[in-house]
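Listed below, chain by chain, are the residues.
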Amino acid sequence: MSIEPRYLSADMDKPPIKLLEGSERVQEALRVMGSNPYEPRVLSQARGMIPIWLPLAAGSTWSGLSMPLDSEDGSLWGNLIGNSIFLFAMGLTIWLVIDVSFRRYGVDHDKVWARFGPFYREIRFADITRLNFNMDRYDIWAGKTKIKIYYHKYDYAPLYIRLLEELHHHKFRLNGVDTTDPNWEQQAQIWRNILSGDLWLDHHDFYDTHPQHLAHLNALIGPPDHYDD
């Protein structure tokens, strides 16, 4: 069956919809959304998550350290199972505080990047070799470099725009479909419809008031006349 481009408008008969499960609804409800989908992003959950996880980490640490002191028999590990559970909870909450404090993602016109403390990776859009859908995220590859795109957690609008633009310039592997596969163009159209539909749903207020940008988005939904490579 041929996949047709799905062009977008405020009064379209069958607008795109998102089919979200419970956890995905919560994640999207907690996302910090930008007002302009074309502006670069630096993405982090620190502002929303640290006020939650830091008190839990402090509480679990205090409880875990207090348990040996409160043990009736005075043994350091009077209750091995209980202490193991507390140590696991303490380690988990501390790790979550560290993770949200030092992990950052970002996207601009040229690249998408990920940072955890001193560790940094980036992929320039012109160098993309693969794009995969993987459960709750997209995986973008440039050679052996991979960046995970958690689209339920973060507003990746500029990334969607740049992927749509790149799909008008060059081919790259999509969900395991190689660029020489006869079905590649069908797979590319599926991606164009998904990316443009999700972008429009997340920022429909912007596109309703900026018809020139909606026209630009619709121009990227159909296939190009030719590719650069």
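In the block above lies the structure referred to throughout.
> Any details on the sheet that holds strand β1 (residues 41–43)? Residues and values, ideally.
Here four strands make up an open sheet; going across it, the order is β1-β2-β3-β4 and the pairing antiparallel. Whereas interior strands pair on both sides, the edge strands pair on one side only; in this sheet they are β1 and β4 (119–124). Adjacent strand axes in the sheet meet at a mean angle of 10°, parallel and antiparallel pairs treated alike. As paired elements, β1 and strand β2 (residues 103–107) share three bridges and run antiparallel to each other. The residue bridging Leu43 from the neighbouring strand is Tyr105, located in β2.

> Which residues make up the environment of Ile194, and what are the values?
Structurally, Ile194 can be placed in helix α5 (residues 184–202). With 34 residues separating them in the primary sequence, Ile194 and Tyr160 have C-alpha atoms 9.5 Å apart. Sequence-distant contacts of Ile194, defined by excluding residues within four places in its chain, comprise Arg6 and Tyr138.

> Could you give me a rundown of a nonpolar patch on the surface, with the residues and numbers involved?
Taken together, the side chains of Ile94, Ile98 and Phe102 make up a nonpolar region of the molecular surface, amounting to roughly 250 Å² of accessible area. Within the secondary structure, Phe102 is located in helix α3 (residues 80–102). Residue Phe102 is classed as partly exposed on the basis of its relative accessible area, which comes to 48%.

> Give a detailed account of the packing of aromatic side chains, specifying residues and quantitative values.
For the coordinates displayed, the defined rule picks out 10 aromatic pairs. With a centroid separation of 6.2 Å and an interplanar angle of 45°, the aromatic rings of Tyr38 and Phe206 are classed as tilted. One end of the pair, Tyr38, is in the loop between α1 (22–30) and β1; the other, Phe206, is in helix α6 (residues 204–209), with 168 residues separating them in the sequence. Owing to a relative accessible area of 27%, Tyr38 belongs among the partly exposed residues under this scheme. What makes Phe206 buried here is its relative accessible area of 8%. The rings of Phe133, Tyr138, Tyr151, Tyr160 and Trp191 are connected pair by pair, giving a single aromatic cluster. Positioned above the aromatic ring of Trp141, the side-chain terminus of Arg130 is 3.9 Å from the ring centre. If you follow Lys153 out to its NZ or CZ, it ends over the ring of Tyr150, 5.0 Å from the centre.

> Mind laying out the pairing of β2, listing which residues take part and the relevant values?
Across a regular strand the side chains alternate sides, sitting on one face of the sheet and then on the other. Relative to strand β3 (residues 111–116), β2 runs antiparallel, the two being bridged by five bridges. Opposite Arg103, over in β3, you have Phe116 as the bridge partner. Count of turn residues in the β2/β3 antiparallel hairpin: three residues.

> An account of the packing of helix α4 (residues 157–166) against α5 is requested, with residue identities and associated values reported.
With their axes 10 Å apart at the nearest point, α4 and α5 run at an angle of 150° to one another. Handedness of the α4/α5 crossing: left-handed. From α4, Ala157, Tyr160, Ile161, Leu163 and Leu164 reach across to α5, where they touch Arg192, Leu195, Ser196, Asp198 and Leu199. Counted by class, the contact of α4 with α5 contains seven nonpolar, one polar and two charged residues.

> Now, about the sheet that holds strand β7 (residues 145–149): what can you tell me, with residues and values included?
One open sheet holds the four strands; their spatial order is β7-β6-β5-β8, and the pairing between them is mixed. Edge strands, defined here as strands with exactly one partner in the open sheet, are β7 and β8 (173–174). Of the strand pairs in this sheet, strand β5 (residues 130–134) and β8 are connected by two bridges, and their pairing is parallel. Bridge assignment links Leu131 to a residue of β8, and that residue is Leu174.

> Hey, could you go over the nonpolar core for me, with residue numbers and the actual values?
Within the largest apolar cluster, 43 residues are counted, with the highest numbers of intra-cluster contacts made by Val112, Tyr156 and Leu159. Put simply, the parts of the chain that give this core at least two residues each are β2, β3, β6 (137–142), β7, α4, α5, α6 and α7 (211–219). Excluding anything up to four places from it in sequence, Tyr156 contacts Leu43, Tyr105, Val107, Val112, Lys148, Ile149, Tyr150 and Tyr151.

Conventions and cut-offs
- Residues numbered from 1 in each chain as written.
- Predicted model: local features only at pLDDT ≥ 70, side-chain atom pairs only at ≥ 80, totals over all residues.
- Heavy atoms only, no water.
- Pairing = 2+ DSSP bridges.
- Helix = DSSP H or I, 4+ residues; strand = E, 2+ residues; numbered from the N terminus.
- Axes fitted to C-alpha atoms, helices over the stretch in contact; angles between N-to-C directions.
- Contact = heavy atoms within 4.5 Å.
- Patch = residues over 30% accessible without salt bridge, like charges linked within 9 Å, V, L, I, M, F, W, Y side chains within 5 Å.
- Areas by Shrake-Rupley, 256 points an atom, 1.4 Å probe, with all protein chains shown as cover.
- Salt bridge = Lys/Arg side-chain N within 4 Å of Asp/Glu carboxyl O.
- Buried < 20%, exposed > 50% of the residue type's maximum accessible area, 1.4 Å probe, protein only.
- Phe/Tyr/Trp six-rings, centres within 6.5 Å; stacked < 30°, edge-to-face > 60°.
- Lys NZ or Arg CZ within 6 Å of the ring centre and 35° of its normal.
- Left-handed = near helix turned anticlockwise from the far one by under 90°.
- Nonpolar A, V, L, I, M, F, W, Y, C, P; charged D, E, K, R; others polar.
- Core = buried A, V, L, I, M, F, W, Y, C linked by side-chain atoms within 4.5 Å.

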